[in-house]
Amino acid sequence: MFKPAAADPPGSGPGRPVRPQAPDRELRQLLREIDQNRIEATVQRLAAFGTRHTLSSQTDPVRGIGAARDWLLAQFQAVAGTSGGRMTVEAQSFVQPVSPRIPAPTTITNIVATLHGQSAPNRTYVISGHYDSRVTDVMNFTSDAPGADDDASGVAVALELARLFATRPTEATIIFTAVAGEEQGLYGSAFQAKQLKAAGVDVQGMVSNDIIGSSTADDGSRNPHIVRLFADGVPPTETPAQAAVRQAVGGESDSPARQLARLVQDVAQNEETDMRVRVIYRRDRYLRGSDHISYLQQGYPGVRFTEPVEDFAHEHQDTRVENGKQFGDLVEFCDFGYITRVAKVNACVLWSLAQAPSTPRNVKIDTSMLTNQTTLLWDRGTEADLAGYEVVYRETTDPRWSQVIAVGDVTTTTIDLSKDNVFFGVRAVDRDGHHSPVAFPVPST
Ligand SMILES: [Zn+2]
């Protein structure tokens, strides 16, 4: 009988299987305080502005995107008032010149609430929803565009989490934002991500919540405990030198966005959220996009949550009845229990990231000579509660990290496994057991 030879057969290597990170006590308390009624009230209020089209009135106090902008600004400011000065709120405005889907220079305003980190203020995580809306004709700025699912649902999650995080100090900074101009071409988030890049902000994770309002598919079936997470592979900012390394030894599924997606599964699939995160290894759905792409284009790891099966009769549609069927993005099609569970998933992600150490920096795999072992090197982080590092690895054909080896508070280690046969990564761990996203090593030579 033929038996294939394998020096390091799966499951025979050092370490233990990777296990999920359970929510800590503070996080469990926060999860219990997520308020479905507040989420519903936010979606109802946003839908009641009639339209929130980016080209709609900015001065009408009742109808249009200007009224929605002012209401959101006031909501986030009220939340910041409970933060003891740790949260600041900004209306981030700029004029978008004439561009595709922008026929005249138009002021676009993002609402940005920044919860400043207590010990690592430059290290930043971002959660967004977009508050602009649309109907069938993307240039129609007068018809009713309630945008309940797309994307009052995402804005409601960002606002509810801002409320609960505001009273809880975090190590790193979290930005809770409601952006505009998404439907016209991601203009608000593009400006926002560029501003952060220009300011040298170390964004280590960005999560767009866009169309997270319904668990009901177009055929009427329900998937109330699944959320999709789209995670890009090769970063759009990859340099020719990085491409050459990837083409030689792989890594096309080890971008920072994919490592972020793996962390989301690690920290957010549990009894508290009652959710499964279905990670999809592509940037977004066919013909569609969202604000995480703006962050990817600045070299930041951005990923996108969206509901499990969309009903396209309820998105980007004129509100109407046709042959007895209701079309339109109406509040009545939202599932607020579902949105609340997606909020819990996001809370697990943001809390775990903001309380964990930084993703390890300058991680290298020693390629100075040919060996059947693996030596990894990295820079030590500066966090006061840093406990040490873990090496993770997996078969090259596996989608997720499978084994973890605790290596202690060191900056180099040698593992008795061939770097030719598996993929390795390094993550940092603090004294409370919070672990960072994994850093994928680059060759040392
Ligand atoms: Zn959207």
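Scroll up a little and you will see the structure.
Computed from a prediction, not measured in an experiment: that's the story for all the values here.

## Some remarks on the overall build of the protein
Line of reasoning, step 1. Counting its regular elements, the protein contains ten helices and 18 strands.
Line of reasoning, step 2. In summary, the protein has a C-alpha radius of gyration of 22 Å against a globular reference of 22 Å for 445 residues, a match within 12%.
Line of reasoning, step 3. In terms of principal-axis extent, the alpha carbons of the protein reach across some 70 × 55 × 45 Å.
Line of reasoning, step 4. Residues classed as buried in the protein amount to 58% of the 445 residues present.
Line of reasoning, step 5. Counting contacts in the protein only where the partners sit at least 6 residues apart, residues at least 24 apart contribute 76% of the total.
Line of reasoning, step 6. Carbon and sulfur atoms provide 52% of the accessible area of the protein, an area that totals close to 18,100 Å².
Line of reasoning, step 7. Charge-centre separation for the protein: the mean point of 43 positive side chains lies 2 Å from the mean point of 54 negative side chains.

## Some words on the packing of aromatic side chains
Line of reasoning, step 1. Taken as a whole and assessed by the stated rule, the structure comprises eight aromatic pairs.
Line of reasoning, step 2. Within the aromatic cluster, the residues linked to one another by ring pairs are Phe165, Phe176 and Trp351.
Line of reasoning, step 3. Taking NZ or CZ as reference, arginine 45 lies 3.9 Å from the ring centre of phenylalanine 49, over its face.
Line of reasoning, step 4. Arginine 394 extends its terminal NZ or CZ atom over the ring of tryptophan 401, reaching a point 4.5 Å from the ring centre.

## Looking at the coordination of the zinc ion
Line of reasoning, step 1. Those donors, His130 (NE2), Asp150 (OD), Asp210 (OD) and Asp210 (OD), are the protein atoms that reach the zinc ion, and they lie 1.9 to 2.7 Å from it.
Line of reasoning, step 2. In the primary sequence, the donor residues of the zinc ion line up as H-x19-D-x59-D. With histidine 130 in strand β4 (residues 120-130) and aspartate 210 in the loop between β6 (202-209) and β7 (226-231), this residue pair connects regions lying 80 residues apart in the sequence. For the pair shown, histidine 130 and aspartate 210 are each scored as buried.

## With respect to the sheet that holds strand β14 (residues 386-395)
Line of reasoning, step 1. The sheet built from four strands is open, its strands ordered β1-β15-β14-β17 with antiparallel pairing. Both edges of this open sheet fall to β1 (16-17) and β17 (422-430), since each of them pairs with a single strand only.
Line of reasoning, step 2. Relative to strand β15 (residues 403-408), β1 runs antiparallel, the two being bridged by two bridges. Each residue of the ladder has a partner; that of proline 17, found in β15, is glutamine 403.

## Quick notes on helix α6 (residues 187-198)
Line of reasoning, step 1. The end-to-end C-alpha distance of α6 is 16 Å, a good match for the 16 Å that twelve residues give at a rise of 1.5 Å each.
Line of reasoning, step 2. Tucked into the core, α6 has its buried residues touching β2 (87-96), β3 (106-115), β5 (172-179), α5 (182-185), β6 and α9 (292-296).
Line of reasoning, step 3. Within two residues after α6, glycine 200 carries a phi angle of roughly 75°, on the positive side.

## Brief notes about the side chain of serine 358
Line of reasoning, step 1. Looking at the secondary structure, you find serine 358 in the loop between α10 (336-355) and β12 (361-365).
Line of reasoning, step 2. In this structure the side chain of serine 358 is engaged in a polar contact, spanning 3.0 Å, whose partner is the side chain of glutamine 204.
Line of reasoning, step 3. Residues contacting serine 358, with those up to four places away along its chain left out, are Arg123, Gln204, Glu383, Ala428 and Ser436.

## Regarding the environment of valine 135
Line of reasoning, step 1. Secondary-structure assignment places valine 135 in the loop between β4 and α4 (148-165).
Line of reasoning, step 2. Beyond its immediate stretch of four places on either side in the chain, valine 135 contacts Asn140, Ser143, Asp144, Ala145, His316, Gln317 and Asp318.

## A short note on the pairing of strand β13 (residues 374-379)
Line of reasoning, step 1. Bridge analysis of β12 against β13 gives three bridges, and the strand direction is antiparallel. Bridged to isoleucine 365 within β13 is leucine 376.

## Notes on the pairing of β4
Line of reasoning, step 1. With nine of its eleven residues buried, β4 lies for the most part within the structure.
Line of reasoning, step 2. Inspection of the sheet shows β4 paired to β5 by eight bridges, in the parallel sense. Note on β5: the bridge partner recorded for serine 128 is threonine 177.
Line of reasoning, step 3. In terms of handedness, the path from β4 via α4 over to β5 forms a crossover that is right-handed.
Line of reasoning, step 4. Here β4 runs beside β6; their pairing, made up of six bridges, is parallel. Across the sheet, the residue bridging to threonine 124 is valine 203, located in β6.

## Things to note about helix α8 (residues 256-268)
Line of reasoning, step 1. The end-to-end C-alpha distance of α8 is 18 Å, a good match for the 18 Å that 13 residues give at a rise of 1.5 Å each.
Line of reasoning, step 2. For α8, a buried count of twelve out of 13 residues is recorded, marking the element as mostly surrounded by other parts of the structure.

## Observations regarding the sheet that holds β13
The pairing of strands in a sheet comes from backbone hydrogen bonds and takes either a parallel or an antiparallel form.
Line of reasoning, step 1. Pairing is mixed across the open sheet formed by four strands, whose spatial order is β16-β13-β12-β18. At either margin of the open sheet sits one strand with a lone partner, and together these are β16 (412-415) and β18 (442-443).
Line of reasoning, step 2. Examined bridge by bridge, β12 and β18 share two bridges and lie parallel to one another. Along β18, the bridge assignment pairs isoleucine 365 with proline 443.

## Notes on the packing of α4 against α10
Line of reasoning, step 1. Following both chains from N to C, one finds α4 and α10 inclined at 50°, their axes separated by 10 Å at the closest point. Taken together, the axes of α4 and α10 are oblique relative to one another. As for how α4 packs across α10, the hand of that crossing is right-handed. For the pair α4 and α10, contact is made by Ser153, Val157, Leu161 and Phe165 and by Ile339, Ala343, Asn346, Ala347, Leu350 and Trp351, respectively.
Line of reasoning, step 2. Looking at side-chain class alone, the contact of α4 with α10 contains eight nonpolar, two polar and no charged residues.

The rules behind these values
- Residues numbered from 1 in each chain as written.
- Predicted model: local features only at pLDDT ≥ 70, side-chain atom pairs only at ≥ 80, totals over all residues.
- Heavy atoms only, no water.
- Helix = DSSP H or I, 4+ residues; strand = E, 2+ residues; numbered from the N terminus.
- Rg over C-alpha atoms; globule rule 2.2 N^0.38 Å.
- Buried < 20%, exposed > 50% of the residue type's maximum accessible area, 1.4 Å probe, protein only.
- Contact = heavy atoms within 4.5 Å.
- Areas by Shrake-Rupley, 256 points an atom, 1.4 Å probe, with all protein chains shown as cover.
- Lys, Arg positive; Asp, Glu negative; His and termini not counted.
- Charge placed at Lys NZ, Arg CZ, Asp CG, Glu CD.
- Phe/Tyr/Trp six-rings, centres within 6.5 Å; stacked < 30°, edge-to-face > 60°.
- Lys NZ or Arg CZ within 6 Å of the ring centre and 35° of its normal.
- Donors = N, O, S within 2.8 Å, 3.2 Å for Na, K, Ca; no water.
- Pairing = 2+ DSSP bridges.
- Expected span 1.5 Å × (residues − 1).
- Polar contact = N/O pair within 3.5 Å; in protein donor to acceptor, adjacent residues only side chain to side chain.
- Right-handed = clockwise from strand over helix to strand, strands pointing away.
- Axes fitted to C-alpha atoms, helices over the stretch in contact; angles between N-to-C directions.
- Parallel < 35°, antiparallel > 145°, perpendicular 65-115°, else oblique.
- Left-handed = near helix turned anticlockwise from the far one by under 90°.
- Nonpolar A, V, L, I, M, F, W, Y, C, P; charged D, E, K, R; others polar.

These figures come from the coordinates and say nothing about function on their own.
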